[in-house]
Protein chains: 2
Amino acid sequence: MKPRLFTPGPTPVPEETLLELAKPVTYHRTAEQKAALNEVMEDLKYVFQTKNPVIVLTSSGTGGMEAAVSNVLAPGQKAILLTAGRWGERWRGVLKAFGANLVIVEQPYGSAVDPQLLKEALEKNPDTVAVYATLSETSTGVGHDIEAYGKIVAGTKALLCVDSISGLGAMVCKTDEWQIDINVSGSQKALMMPPGLAYVSVSDKAWKVIESNTATRSFYFDLKRYKAKIAENDTPFTPANTLIKAQRLSLKRIRAEGIENLWARHAKMAEATRAAITAMGLKLFAQRPNNALTVIVVPEGIDGSATLKALEKQYGYKLADGQDNLKGQIWRLSHMGWCDPFDVLGALSALELTLLKSGFKLEPGAGVAAFQKKLAS
Amino acid sequence: MKPRLFTPGPTPVPEETLLELAKPVTYHRTAEQKAALNEVMEDLKYVFQTKNPVIVLTSSGTGGMEAAVSNVLAPGQKAILLTAGRWGERWRGVLKAFGANLVIVEQPYGSAVDPQLLKEALEKNPDTVAVYATLSETSTGVGHDIEAYGKIVAGTKALLCVDSISGLGAMVCKTDEWQIDINVSGSQKALMMPPGLAYVSVSDKAWKVIESNTATRSFYFDLKRYKAKIAENDTPFTPANTLIKAQRLSLKRIRAEGIENLWARHAKMAEATRAAITAMGLKLFAQRPNNALTVIVVPEGIDGSATLKALEKQYGYKLADGQDNLKGQIWRLSHMGWCDPFDVLGALSALELTLLKSGFKLEPGAGVAAFQKKLAS
């Protein structure tokens, strides 16, 4: 069977990007490398929809999240955390490590955090320095209403910091228009690259807070050190320079497609997938589903983890299981990045076949026909 | 002209390792990926010459240095810094960012820090928590006597933390025998990989300090989080999984050569290069030269930076200039990693030709003949 990757990160990478990674390694302080970093930073601005600098870090996305915490908050300062899943909990872990005074607005897994709850929390806590939120809660498939959060936070002195690691590019996210102060993304999701790079945009409002924060205990993730190098198209520390040159190619592909078309393609794939899942008699887990991935509730009587293993073994399709308590309870099917509707159609076909074999009652073709219907509409 | 990389990081990468990077991306939580990480961690133990775990971080080497500081020292605790170059200064930057109470043992660029000075500093400062040193001071070409430092520090309660980023593999470094508590290295030097991964070994003595340190303000570089995942051959955060799979191949190559042969090959290349440089009437910059690179003093009347540019433009050889105040004053020629004597011979030939063109008095062939003589001996 052909192996096919449908996990919500890492995601498939275009061949030309992969081949770039096989080229001989070059020195990282050259005009050529600086031009590549410049292009990447400019194209990231386009993808982020921001006029602010986008900083390139050599780290996982979590490193970018750490930068959004350690640069902003002095120990004991107040932060509001919006959490309804594992990635909200990742923010909590980072915030606790840096000694934040936490106000937690928590909702059950599968639901989204209502903007009204943020409004109330901010009113009760006018000394809040920053709000931490998640664009695509990949553990549940929920998309949060960052635009609404932005409207609420912008009226206060607090910063809005968003983890858009697995959403940016796959769903609409307008950093400046939505008034996101620090937006953190990563290479290995919709940006069509292997893991290893994190991206952080920083607004003027955020720079003011960062520059007045004298309590920073950070060196590698000290954003001021990166800012000082941006004008020279350089980095303060040796970057993963081959990854930067490869990211350049995947970003060029996004530029060529156009960001609105990218969003529309993901919206179409997500909508068609949701229609297929419903037509197969399955249920969606997310109350407010996003366009980066579809999260499916494992039906009663079916062993969720065993089904995924059979799907991969027999048909080559690699989906992701639920994490932590949700293991075996949900299936996570990514449709972001280097992925088109026909790729997803194949995954749904393989899922149908696997479910039929496991005795789940299903009209063969129900899912793929519903998918096709949405494509044709 | 064929481009040829002789910078002291990044260094050339074997073709089979590069080709691994062009393979389709896979999920990072699979049995296959765990087996790859396990092999990398085991082979790193061999390269480090340690029985202790070697932690794999997705970051530059500086991220590993930050881990060696932020996990060990609470703000205000005492650290001795041994510095005689830019990379000693990198330790200083990290230590200052984390609020260390610094005792600085400083020597001029080009010299090594005498172990006797460390002995005296430790005697005067019995409350020292850790000593920070550099194996290969790549800014000057100096190799430090880490073995001697280890003997001194082992008799105290302090930890010995070493930046071996650009030395490990190219020069003898026996982590356990030399009693190095935290040893930090990176992928892009003698380990024949692009940049993007840092490696950190931790002794039992160091774990005790780390585990009793409640002041840690770190999340991404919190070594305890990595330690908790080692038994499962996993990482706490999404790693640069394609780099790990590629590092596996370069480490296999080191295993096949054998660490003693690797050290001997680098020693031979370094010795022959030093002989060639001297025979060309040039001077070495390092008082205690190491085997990872040779640093050459730019002779009077020659424009150092212009010569390097001409060398690259005409013959394709990319050497490194001096950094900061040493720019134009020295040339840095790396002979580490995926590099054999015949590669270096070519670089010396090109350097001779370039110097001759710039009017430097030199008997053509003096350098390459001296190099060959050492090879034959």
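Residues numbered from 1 in each chain as written. Chains lettered and ligands numbered in written order. Predicted model: local features only at pLDDT ≥ 70, side-chain atom pairs only at ≥ 80, totals over all residues. Heavy atoms only, no water.

As annotated in an unreviewed UniProt entry, chain A carries the name Alanine--glyoxylate aminotransferase family protein and comes from Telmatocola sphagniphila. Recorded in UniProt under Sequence similarities (unreviewed entry), the annotation for chain A is "Belongs to the class-V pyridoxal-phosphate-dependent aminotransferase family." Turning to chain A, the UniProt record has this under Cofactor (unreviewed entry): "pyridoxal 5'-phosphate". (UniProt positions renumbered as here; feature names shortened; annotations may be inferred.)

Visitor: Teacher, can you tell me more about the relation of the copies chain B and chain A here?
Guide: Least-squares fitting of chain B to chain A yields an RMSD of 0.0 Å, with the superposition described by an axial translation of 0.0 Å and a rotation of 180°. What the rotation and shift describe, once combined, is the action of a two-fold rotation axis. Both copies share a contact surface, since 100% of the interface residues of chain B are interface residues in chain A too. (Least-squares fit on C-alpha atoms with pLDDT ≥ 70 in both. Contact = heavy atoms within 4.5 Å.)

Visitor: Got a minute to help me understand the state of the cysteines in this structure?
Guide: Two cysteines joined by a covalent bond between their sulfur atoms form a disulfide. Residue and element names in this part refer to chain A. Within the structure shown, the criterion is met by zero disulfides over all chains. Lacking any disulfide linkage, C161 is separated from the closest cysteine sulfur, that of C173, by 13 Å. Look at C161 and you get buried, because its relative accessible area is 0%. (Disulfide = S-S within 2.5 Å. Buried < 20%, exposed > 50% of the residue type's maximum accessible area, 1.4 Å probe, protein only.)

Visitor: What is the right way to read the UniProt feature "binding site: substrate" (unreviewed entry) in chain A from this model?
Guide: Residues and elements named next belong to chain A. The feature "binding site: substrate" (unreviewed entry), as given by UniProt, occupies R332 in the numbering adopted here. Of note, R332 is situated in strand β15 (residues 330-334). Judged by relative accessible area, R332 falls into the buried class, the value being 2%. (Helix = DSSP H or I, 4+ residues; strand = E, 2+ residues; numbered from the N terminus.)

Visitor: Would you mind showing me how to read the environment of M280(B) here?
Guide: Residues and elements named next belong to chain B. Take M280: it is sitting in the loop between α10 (259-279) and β11 (283-284). Taking C-alpha positions, M280 is 8.6 Å from P364, a pair spaced 84 residues apart along the chain. Leave out the neighbours within four places in its chain, and M280 touches L348, L351, E352, L355, F360, L362 and G367.

Visitor: Please clarify how the domain arrangement of chain A should be interpreted in this entry.
Guide: A common way to express how large an interface is: the accessible area buried when the components associate. All names here are of chain A. Domain boundaries assigned for chain A yield domain 1 (4-8 + 259-376) and domain 2 (15-257). For domain 1 and domain 2, the distance between their C-alpha centroids amounts to 28 Å. Interface area, domain 1 with domain 2, both sides summed: about 2,500 Å², of which 56% is carbon and sulfur. When the area that domain 1 buries against domain 2 is broken down by residue, the three leading residues are I259, W263 and R288, summing to 29%. Linking domain 1 to domain 2 there are three salt bridges. The interface formed by domain 1 and domain 2 contains 12 residue pairs in polar contact (both at pLDDT 80 or more). Among the secondary structure elements, those contributing two or more residues to the side of domain 1 that touches domain 2 are α10 (259-279), β12 (293-297) and β15. The element best represented in the side of domain 1 that touches domain 2 is α10, accounting for six residues. A per-class count over the side of domain 1 that touches domain 2 returns 14 nonpolar, seven polar and four charged. (Domains from an automatic or database assignment. Buried area = accessible area lost by both parts, 1.4 Å probe. Salt bridge = Lys/Arg side-chain N within 4 Å of Asp/Glu carboxyl O. Polar contact = N/O pair within 3.5 Å; in protein donor to acceptor, adjacent residues only side chain to side chain. Nonpolar A, V, L, I, M, F, W, Y, C, P; charged D, E, K, R; others polar.)

Visitor: Before we go on, may I ask you to explain unusual backbone geometry in this structure?
Guide: Residue P10(A) follows G9(A) across a cis peptide bond; omega there is -10°. Within the element layout of this structure, P10(A) appears in the loop between β1 (4-5) and α1 (15-21). Phi at N233(A) takes a positive value of approximately 55°, unusual for a residue other than glycine. Checked against the element boundaries, N233(A) lands in the loop between α8 (223-230) and α9 (241-257). With a relative accessible area of 17%, N233(A) lands in the buried category. Even without being a glycine, Q49(B) presents a positive backbone phi close to 60°. Within the secondary structure, Q49(B) sits in the loop between α2 (31-48) and β2 (54-58).

Visitor: Mind showing me how you'd approach the sheet that holds strand β15 (residues 330-334) of chain B here?
Guide: Within a sheet, neighbouring strands are paired by backbone hydrogen bonds and run either parallel or antiparallel to one another. Residues and elements named next belong to chain B. Pairing is antiparallel in the open sheet, where four strands are placed in the order β11-β12-β15-β14. Edge positions in the open sheet fall to β11 and β14 (320-321), since each of these has one partner strand only. Pairing of β14 with β15, which is carried by two bridges, proceeds in the antiparallel orientation. Bridged to A320 within β15 is R332. Strand contacts of α10: β11, β12 (293-297) and β15, with the helix running at about 15° to β12, the strand carrying the most contacts. (Pairing = 2+ DSSP bridges. Axes fitted to C-alpha atoms, helices over the stretch in contact; angles between N-to-C directions.)

Visitor: In this structure, what is going on with the side chain of S187(B)? I would like to understand it.
Guide: Residues and elements named next belong to chain B. In this fold, S187 is placed in the loop between β9 (182-186) and β10 (197-202). Exposure remark for S187: the relative accessible area of 0% places this residue in the buried category. Discounting chain neighbours no more than four positions away, the residues touching S187 are M192, M193, P194, P195, G196, L197, Y199 and Q247.

Visitor: What am I meant to see in the environment of T273(A) here?
Guide: All names here are of chain A. Relative to the helices and strands, T273 is located in helix α10. Taking relative accessible area as the criterion, T273 reaches 0% and is therefore assigned buried. Sequence separation between T273 and Q372 is 99 residues, and the spatial gap between their C-alpha atoms is 9.6 Å. Setting aside chain neighbours within four positions, we find T273 in contact with T294, L333, H335, V344, L348 and F371.

Visitor: Would you mind showing me how to read the UniProt feature "modified residue: N6-(pyridoxal phosphate)lysine" (unreviewed entry) in chain A here?
Guide: Residue and element names in this part refer to chain A. Taking the numbering used here, the UniProt-annotated feature "modified residue: N6-(pyridoxal phosphate)lysine" (unreviewed entry) corresponds to K189. If you trace the backbone, K189 turns up in the loop between β9 (182-186) and β10 (197-202). For K189, a relative accessible area of 10% puts it in the buried group. In contact with K189, other than residues within four places in its own chain, are P8, G9, T11, I165, S166, M336 and G337.

Visitor: Mind showing me how you'd approach the sheet that holds β10(B) here?
Guide: Residue and element names in this part refer to chain B. Across the sheet, which stays open at both edges, the seven strands sit in the order β2-β10-β9-β8-β5-β3-β4 with mixed pairing between neighbours. Every other strand in the sheet has two partners, leaving β2 and β4 (101-106) as the edge strands with one partner each. Between one strand and the next, the sheet's axes are offset by a mean angle of 20°, whatever the strand orientation. Against the sheet, helix α5 (residues 115-124) touches β3 (78-83), β4 and β5 (128-134), its axis set at about 165° to β3. Of the strands in this sheet, β2, β5, β8 (159-163), β9 and β10 touch helix α7 (residues 204-212), which is tilted by about 100° from β10.

Visitor: I tried to follow the interface of chain B and chain A on my own but got confused; where do I start?
Guide: Taken together, the 51 residues of chain B in the interface contact 51 residues of chain A. When the buried surface of chain B facing chain A is broken down by residue, Y27(B), R217(B) and F219(B) rank first, second and third, together holding 18% of it. Taken together, the connections running from chain B to chain A amount to eight residue pairs in polar contact (both at pLDDT 80 or more). Mapped by element, the contributors of at least two residues to the side of chain B that touches chain A are α1 (15-21), α3 (61-70), α4 (86-97) and α9 (241-257) of chain B. Top element by residues in the side of chain B that touches chain A is α4(B). It accounts for four residues. Within the side of chain B that touches chain A, the residues separate by chemical class into 25 nonpolar, 20 polar and six charged.

Visitor: How should the packing of aromatic side chains be read in this particular structure?
Guide: Centre distance and the angle of the planes are the two values used to describe a pair of aromatic rings. In this structure the tally under the stated criterion is 15 aromatic pairs over all chains. Here the aromatic rings of Y220(B) and F221(B) are separated by 5.1 Å at their centres, their planes lie at 75°, and the arrangement is edge-to-face. In this pair, the class of Y220(B) matches that of F221(B), namely buried. On the numbers, 5.8 Å between centres and 85° between planes, the contact of Y226(B) with F237(B) is edge-to-face. With a gap of 11 residues between them, Y226(B) in helix α8 (residues 223-230) and F237(B) in the loop between α8 and α9 connect regions that are remote in the sequence. As far as burial versus exposure is concerned, Y226(B) and F237(B) are alike and both buried. The ring centre of W338(A) lies 4.2 Å from the NZ or CZ of R253(A), which sits over that ring. Positioned above the aromatic ring of Y46(A) is the side chain of R255(A), whose terminal nitrogen or guanidinium carbon lies 4.4 Å from the ring centre. (Phe/Tyr/Trp six-rings, centres within 6.5 Å; stacked < 30°, edge-to-face > 60°. Lys NZ or Arg CZ within 6 Å of the ring centre and 35° of its normal.)

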